[in-house]
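Chains, contacts and geometry: an overview
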Amino acid sequence: MARTEGGMPVKPTIALVQGDAAGVGPELMTRLLSLDDVRERANLLIISDARVFRAGCEVTGLEVPVREIAAIEDADYVDGVPNLLDLPAVDPAETPRGEVSVTAGAAVLTWFGRALDLATAGRVDGICFMPFNKQAMLRAGLDAEDELQWARARLGYDGRASEFNVVDGMWNARVTSHVPLREVADRLTEDGIAEAIDLADRALRSAGIARPRIGVAALNPHAGEGGTMGTEEIDVIGPAVRRAQSRQIAAEGPFPSDTLYLRLRDRHFDCAVSMYHDQGQIAIKLLGFDRGVTVLGGLPVPIATPAHGTAYDIAGTNTANLDPAHNAFMTVCAMVARRGG
């Protein structure tokens, strides 16, 4: 349920975090803010370097009115104008588009970090960020596996968290994520898989699905063919599914992944749980790459981003598809409303 005050609905405050300055993020941010349904849906706090924001406006040719502020205490949403918290971190004039930049990576850590701190302080209800570049962030000092684990540490959250990819109501979860493929089998445990299924159930419920139907992928071809092509399905995946079922979670599997995603497409399931990154990513992106959203699930604050990357090859051309960014924003708003934020 959405918050109310005096019987009137209260808009959530959503932090819109600038993406990598060398990618398509600045132009997507500008175009997103030009949409009536975005400005009307929430109080908007842009977290960026004002110079990067203006560079995005130059690419798109759009004039987006914003209130520039130097401190969060100066934020004022009374007239519906987005607030831009100016955190100088990178000069776009000195940052070539389409190239990995340590400075751009460091800026992202500054902006995203501030958004997480504001969420912890209760100043924002949710976060939507434009595409980051992991290589730039790592070069700039990202001391975690990815932005999800970095956010988890910054928020001081010690529970399980995972990335979910969402396309047209179809969710994909992962047991392992940004790890080398050769390590996947060794990292699969009954506990880890059971926790991933449980997190998927909780994440979908937070998005408004009352009883999520979850299909769990096998690791091996043909689900191991009775143990002739691997025993992970017998030793760890099957037991994890049964454990989830004992907790009244509507989970089934393991299913061969080459058919599981057909079942997801045909709405037999709301969510598929993959064993490793590309097992699910390839399938879900083929089902709708141009509409996909990545949700950082399990964290104490709703966070989402477009499922695509920084698209260095088209940065500055104003041709990036806006749908994923718009869908990510709306997903965050829906999750906040579900939490009563």
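Presented here is a report on the structure given in the accompanying data block. As the structure is a computational prediction, the values presented were derived from the model and not from experiment.

1. Some points on the sheet that holds strand S6 (residues 83–86)
Sheet strands pair via backbone hydrogen bonds, and the direction of the pair is either parallel or antiparallel. As summarised here, the arrangement of the 12 strands in space is S5-S6-S4-S3-S7-S14-S13-S8-S9-S12-S10-S11, forming an open sheet in which the pairing is mixed. Each end of this open sheet is capped by a strand with a single partner; those strands are strand S5 (67–69) and strand S11 (250–255). Each strand axis lies, on average, 25 degrees off the axis of its neighbour in the sheet, ignoring direction. In this sheet, strand S9 (residues 170–174) lies alongside strand S8 (residues 162–167) in antiparallel orientation, the contact comprising 3 bridges. Pairing of asparagine 165 across the sheet is with asparagine 172, part of S9. Sheet strands touched by helix H4 (residues 102–120): strand S3 (13–17), strand S4 (43–48), S6, strand S7 (126–129), strand S13 (293–297) and strand S14 (303–306). Its angle to S4, the strand with the most contacts, is close to 140 degrees. Along the sheet face, helix H9 (residues 232–246) touches strand S10 (213–217) and S11 and points at about 165 degrees away from the line of S11.

2. Description of the side chain of glutamate 233
Relative to the helices and strands, glutamate 233 resides in helix H9. Here glutamate 233 is buried and forms no salt bridge, its nearest opposite-charge partner arginine 242 lying at an N-O distance of 11 Å. Of the polar contacts made by the side chain of glutamate 233, one reaches the backbone nitrogen of leucine 219; its length is 2.8 Å. Once you skip the residues sitting within four places of it in the chain, glutamate 233 turns out to touch Ala218, Leu219, Asn220, Ala223, Gly224, Gly238, Pro239 and Pro254.

3. Description of the packing of helix H10 (residues 257–265) against helix H11 (residues 277–286)
In contact at an axis separation of 10 Å, H10 and H11 are set at 40 degrees when each is read in the N-to-C sense. Put simply, H10 runs oblique to H11. The two elements H10 and H11 cross, and the hand of that crossing is right-handed. Judged by residue contacts, Ser257, Tyr261 and Leu264 of H10 engage Gln279, Gly280, Ala283 and Ile284 from H11. Of the residues assigned to the contact of H10 with H11, the class counts are 4 nonpolar, 3 polar and no charged.

4. Some remarks on the nonpolar core
Where a protein is soluble and globular, its nonpolar side chains tend to be buried together. Ranked by internal contacts, the top residues of the largest apolar core, which has 60 residues, are Ile193, Ile197, Ile214, Val273, Met275 and Phe329. In terms of residues, this core owes the most to one element, helix H8 (residues 190–206), which gives 8 residues. In this structure isoleucine 197 touches Ile214, Val216, Ala240, Val241, Ala244, Ile249, Ala251 and Val273, once residues within four positions along its chain are discounted.

5. Comments concerning the pairing of S8
For a regular strand, side-chain orientation follows a simple rule: the groups alternate between the two sheet faces. S8 sits mainly inside the fold: 6 of its 6 residues count as buried. Every second residue of S8 is oriented toward a common face, with Ser162, Phe164 and Val166 on one face and Glu163, Asn165 and Val167 on the other, all of them buried. Sheet analysis places S8 next to S13, joined by 5 bridges and oriented antiparallel. Following the sheet pairing, phenylalanine 164 is matched in S13 by valine 295.

Rules and cut-offs
Residues numbered from 1 in each chain as written. Predicted model: local features only at pLDDT ≥ 70, side-chain atom pairs only at ≥ 80, totals over all residues. Heavy atoms only, no water. Pairing = 2+ DSSP bridges. Helix = DSSP H or I, 4+ residues; strand = E, 2+ residues; numbered from the N terminus. Axes fitted to C-alpha atoms, helices over the stretch in contact; angles between N-to-C directions. Contact = heavy atoms within 4.5 Å. Buried < 20%, exposed > 50% of the residue type's maximum accessible area, 1.4 Å probe, protein only. Lys, Arg positive; Asp, Glu negative; His and termini not counted. Salt bridge = Lys/Arg side-chain N within 4 Å of Asp/Glu carboxyl O. Polar contact = N/O pair within 3.5 Å; in protein donor to acceptor, adjacent residues only side chain to side chain. Parallel < 35°, antiparallel > 145°, perpendicular 65-115°, else oblique. Left-handed = near helix turned anticlockwise from the far one by under 90°. Nonpolar A, V, L, I, M, F, W, Y, C, P; charged D, E, K, R; others polar. Core = buried A, V, L, I, M, F, W, Y, C linked by side-chain atoms within 4.5 Å.

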